[in-house]
Amino acid sequence: MKVHLGTDHAGFEFKEVLKAHLESAGHDVVDHGAHEYDALDDYPAFCIAAAQGVVDDQAAGVDALGVVIGGSGNGEQMAANLVKGARTALAWNPEISKLARQHNNAQIVAVGARQHSEAEAIAIVDAFLAEPFSGDERHERRISIMSKYEEQGQQAL
């Protein structure tokens, strides 16, 4: 699987560990930055690029998901969700990351590197990457409602 990564300075060290972990597991990793530690970096560009990479790859039929990382993961999730067609979920344990895939067909997981041990954060990402979307009709319907709103800017009641 192709995995797109984006991070801020607070997640930089974990991103490097995660990248090595994912590559050793056979994933094709695309690192959108940060490429060096800079406490004053502007993470939205890195997270937006990672999310856009996932959306573009999936549109092209490529099996791809993404991970955005920050101190809390909140801002990184917000930035990634600005990409049209991206569904990014902030996960704080493996069960939440699984549910994000099963129920919401999330393509990107946000992780707070300062909120977890390295092993916990890796478990969250591994659970996310391993879990398929359920394809259940009710979940498809709900995702469709969100997609239509994103496209048309109005809610169908």
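Predicted model, so just to flag it, every value in this text is computed and none were measured.

### Looking at the sheet that holds strand β1 (residues 2-7)
Piece 1. Spatial strand order, β2-β1-β3-β5-β4: five strands in an open sheet with parallel pairing. Every interior strand has two partners, whereas the edge strands, β2 (28-31) and β4 (88-90), have only one. Sheet twist, expressed as the mean angle between neighbouring strand axes with direction ignored, is 25°.
Piece 2. Sheet topology note: the β1/β2 ladder contains four bridges and is parallel. Bridge pairing in β2 links V3 to V29.

### Comments concerning the packing of aromatic side chains
Piece 1. Scanning the entire structure with this criterion turns up zero aromatic pairs.
Piece 2. The ring of F128 is capped by R101, whose NZ or CZ atom sits 5.7 Å from the centre of that ring.

### Considering unusual backbone geometry
Piece 1. The linkage connecting G33 with the following residue, A34, adopts the cis geometry, with an omega of 0°.
Piece 2. Of note, the phi angle at N105 is positive, near 50°, even though the residue is not glycine.

### What about the packing of helix α4 (residues 94-104) against helix α5 (residues 118-130)?
Piece 1. Put simply, α4 and α5 touch, their axes get as near as 8 Å, and they point 25° apart. The angle between α4 and α5 falls in the class roughly parallel. In the packing of α4 onto α5, the handedness of the crossing is right-handed. Together, P94, S97, K98, A100 and R101 of α4 and A123, I124, A127 and F128 of α5 make up the contact between the two elements.
Piece 2. Residue classes in the contact of α4 with α5 are distributed as six nonpolar, one polar and two charged.

### Some thoughts on the pairing of strand β5 (residues 108-112)
Across a regular strand the side chains alternate sides, sitting on one face of the sheet and then on the other.
Piece 1. Of all five residues in β5, five are buried, a share of seventy percent or more.
Piece 2. Residue alternation in β5 divides its side chains into two sets, I108, A110 and G112 and V109 and V111, and both sets are buried.
Piece 3. As paired elements, strand β3 (residues 64-70) and β5 share five bridges and run parallel to each other. In the strand pairing of β5, G66 is matched with I108.

### Here's the deal with helix α2 (residues 44-59)
Piece 1. Helix length check: α2, at 16 residues, gives a terminal C-alpha distance of 22 Å against a target of 22 Å (1.5 Å per residue), a fit within 8%.
Piece 2. The set of residues buried in α2 consists of C47, A50, A51, G53, V54, V55 and D57.
Piece 3. Turning to α2, the residues buried within the fold contact β1, β3, α3 (74-80) and β5.
Piece 4. Phi turns positive, to about 85°, at G61, one or two residues after α2.

Definitions and limits used
Residues numbered from 1 in each chain as written. Predicted model: local features only at pLDDT ≥ 70, side-chain atom pairs only at ≥ 80, totals over all residues. Heavy atoms only, no water. Pairing = 2+ DSSP bridges. Helix = DSSP H or I, 4+ residues; strand = E, 2+ residues; numbered from the N terminus. Axes fitted to C-alpha atoms, helices over the stretch in contact; angles between N-to-C directions. Phe/Tyr/Trp six-rings, centres within 6.5 Å; stacked < 30°, edge-to-face > 60°. Lys NZ or Arg CZ within 6 Å of the ring centre and 35° of its normal. Parallel < 35°, antiparallel > 145°, perpendicular 65-115°, else oblique. Left-handed = near helix turned anticlockwise from the far one by under 90°. Contact = heavy atoms within 4.5 Å. Nonpolar A, V, L, I, M, F, W, Y, C, P; charged D, E, K, R; others polar. Buried < 20%, exposed > 50% of the residue type's maximum accessible area, 1.4 Å probe, protein only. Expected span 1.5 Å × (residues − 1).

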